[in-house]
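Spelled out, the chains give:
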Amino acid sequence: LPPPSLPPLAPCPLGDVCTTGPCLITDGGSCATSPDFPNLYPTDEGCTIYGLPPVGLDVIAFLVLQSAAAPKLRLNCPYDHLTVNGVKYCGTSGPAGVVPSDGTMTWVSDGSETFPGWKVCWAAQPPSLPPPSLPPLAPCPLGDVCTTGRCLITDGGSCATSPDFPNLY
């Protein structure tokens, strides 16, 4: 049987990760799970997790129905699967390290067996902070070498040392 069709995505507030259907957003908005994880997920379910940041996914747990039939079916994940960037994941191999290029993951389960499912997390890298600002420098006479704080200028202005050099600072 084909998996159930998924509804269109509703707007998601900027910076949030949202879901359609029975999947859950957990861990303060930094993880998602299949329905009822870590218990068996239900049959004939589907959801889309969207608004994901463009960072590699961290697979915490992944146990999804995989075909016991021919190897070709196992590779195609025709039954239950999590899809990221158009690639289906099933069995015990989740999308570890995959960056969701369109910001979405889609889950579907068919009408047959169920398993414990999956938990996938992401952690947006904090924006790099600018270095702390230093106090403005006092004027330094042209041609001189000056310092702020406890560093010292020595040897007639040709060297600088840390405080108390050569002792520990």
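Residues numbered from 1 in each chain as written. Predicted model: local features only at pLDDT ≥ 70, side-chain atom pairs only at ≥ 80, totals over all residues. Heavy atoms only, no water.

## Quick notes on the overall build of the chain
Along the chain, the regular secondary structure elements total one helix and eleven strands. Long-range contacts, defined as pairs at least 24 residues apart, comprise 70% of the intrachain contacts of the chain with a sequence gap of at least 6. For the chain, the accessible surface area stands at approximately 10500 Å², while carbon and sulfur atoms represent 62% of it. (Helix = DSSP H or I, 4+ residues; strand = E, 2+ residues; numbered from the N terminus. Contact = heavy atoms within 4.5 Å. Areas by Shrake-Rupley, 256 points an atom, 1.4 Å probe, with all protein chains shown as cover.)

## Overview of the confidence of the model for the chain
Of all residues in the chain, 80% attain a pLDDT of 70 or more, and the chain-wide mean is 81. Segment residues 70–74: pLDDT under 50, and eight contacts once partners within four positions in sequence are set aside and those in other chains are kept. Low pLDDT (under 50) marks residues 124–129, which in the prediction has three contacts with non-local residues, meaning those over four places away or in another chain. (pLDDT = per-residue confidence, 0-100.)

## Quick notes on the environment of valine 87
Examined against the element boundaries, valine 87 turns out to sit in strand E7 (residues 87–89). The exposure class assigned to valine 87 is partly exposed, which follows from its relative accessible area of 40%. Between the alpha carbons of valine 87 and asparagine 76 there is a distance of 8.9 Å; along the sequence they are eleven residues apart. (Buried < 20%, exposed > 50% of the residue type's maximum accessible area, 1.4 Å probe, protein only.)

## Considering the sheet that holds strand E9 (residues 117–121)
The four strands lie next to each other as E2-E3-E9-E5, forming an open sheet whose pairing is antiparallel. Each having just a single partner strand, strand E2 (24–26) and strand E5 (58–63) make up the two edges of the open sheet. For this sheet the average axis-to-axis angle between neighbouring strands, irrespective of direction, equals 15°. Of the strand pairs in this sheet, E5 and E9 are connected by five bridges, and their pairing is antiparallel. When the sheet's bridge partners are listed, aspartate 58 is paired in E9 with cysteine 121. (Pairing = 2+ DSSP bridges. Axes fitted to C-alpha atoms, helices over the stretch in contact; angles between N-to-C directions.)

## Observations regarding unusual backbone geometry
Along the chain, phenylalanine 37 connects to proline 38 via a cis peptide bond; the corresponding omega equals 5°. The topology assignment puts proline 38 in the loop between strand E3 (31–33) and strand E4 (46–50). Despite not being glycine, aspartate 27 has its phi angle at roughly 55°, a positive value. Tracing the backbone shows aspartate 27 in the loop between E2 and E3. Phi at asparagine 85 is positive, roughly 55°, even though this residue is not glycine.

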